[in-house]
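# Results of the structural survey
One-letter residues, chain by chain:
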Amino acid sequence: MGDVVEVAEQYYCYGLGTLTLRVIEVGRRERHSDGIWINLRGVELGRPAGPRQGRVLARLDAVRIRSASAPAAHVPIRPGWGCAACGQDWPCPDRRRRLLREYAENRAALGIYLSLHLVDAAADLRHAPADSLYSRFLGWLGQDQDGAGRPVSAVQSPSPASSSVSKRSRTSYVPRS
Ligand SMILES: [Zn+2]
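Reference entry: report on the structure contained in this document.

## Focus on the packing of helix α2 (residues 107-124) against helix α3 (residues 130-137)
Two elements in contact, α2 and α3, have axes separated by 10 Å at closest approach and are oriented at 145°. Viewed along their axes, α2 and α3 form a crossing whose handedness is right-handed. Facing L114, H117, L118, A121 and A122 of α2, the residues of α3 in contact are L133, Y134 and F137. Looking at the contact of α2 with α3 residue by residue, the classes come out as seven nonpolar, one polar and no charged.

## So, the pairing of strand β3 (residues 19-32)
Sheet topology note: the strand β1 (residues 4-7)/β3 ladder contains four bridges and is antiparallel. Residue pairing across strands places V5 opposite L21, the latter belonging to β3. As paired strands, β3 and strand β4 (residues 35-45) are joined by ten bridges and run antiparallel to one another. Along β4, the bridge assignment pairs H32 with G35.

## Comments concerning the pairing of β4
A loop of two residues connects β3 with β4, the two strands running antiparallel in sequence. Judged from the eight bridges that link them, β4 and strand β5 (residues 52-59) form a sheet pairing that is antiparallel. If you follow I38 over to β5, its bridge partner there is A58. Counted between consecutive antiparallel strands, the loop separating β4 from β5 contains six residues, among which G46 sits at a positive phi close to 75°.

## Digging into the nonpolar core
Counting residues in each nonpolar core, the largest one holds ten residues, listed as V7, Y11, Y12, L19, L21, W37, L40, V56, A58 and V63. For this core, the elements supplying multiple residues, two or more each, are β3, β4 and β5. Apart from the residues within four sequence positions on either side, V56 is in contact with Y12, C13, L19, L21 and L40. Counting nine residues, the second-largest nonpolar core is a separate cluster that includes L114, L118, Y134 and F137.

What counts as what
Numbers given to residues run from 1 along each chain, matching the order in which its sequence is written. Selection of residues for local features in this predicted model requires a pLDDT of at least 70, selection of side-chain atom pairs for listing and counting requires 80 or more, and totals for whole chains, interfaces and linings are taken over all residues. Each axis is a line fitted through C-alpha atoms, taken for helices only over the stretch in contact, and angles between the N-to-C directions span 0 to 180 degrees. Only DSSP runs of H or I covering at least 4 residues are called helices, and only runs of E covering at least 2 are called strands; the numbering of each starts at the N terminus. Helix crossings fall into two classes, left-handed where the near helix is turned counterclockwise from the far one by less than a right angle and right-handed where it is turned clockwise. A pair of residues counts as a contact when their C-beta atoms, built from backbone coordinates, are separated by no more than 7 Å. All amino acids are sorted into three groups, where Ala, Val, Leu, Ile, Met, Phe, Trp, Tyr, Cys and Pro are nonpolar, Asp, Glu, Lys and Arg are charged, and the leftover types, Gly among them, are polar. One requirement defines pairing of two strands: DSSP has to find at least two bridges between them. Joined through C-beta atoms within 7 Å, a set of buried Ala, Val, Leu, Ile, Met, Phe, Trp, Tyr and Cys residues constitutes a nonpolar core. Buried means a residue has 20 or more other C-beta atoms within 10 Å of its own C-beta, exposed means 12 or fewer, and partly exposed covers the counts in between; C-beta atoms are placed from the backbone.

Listed below in structure tokens is the structure:
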């Protein structure tokens, strides 16, 4: 188990909107006039009030296992920071490609987005070396960045003279306690 499934509003009891559920337990099936329904226990995701564990009765043929290629699926699972969809270190290759596409017109915003996640990850992964976290979250952005003063520019300097500057700005994104 652990699959994340989605069920459209009209095919489960009861709730509003599409149900997103991380399945913990698959219960018994019930035959009804309109088909086979199945009891599911799991954690409802995507609720404004936060995840909630509960039971639902859903029509079996309307239960969709969320595709691993869905953009929303490649999200980090804290505190381990593995990808929810593919299990690789987040941001995984799939998510990186999507981020580059989504932020194609605004790489600066992408740097900020990743920096914020890096801060969170550093808080969760206290034993991970700062340099490896940095390259994992920001180092992959590559050499084609333009502009200055962004976090991503620190890793690109090829000259040894400025490497100490790079180090200082790196550590400033990985608060230690
Ligand atoms: Zn992934």
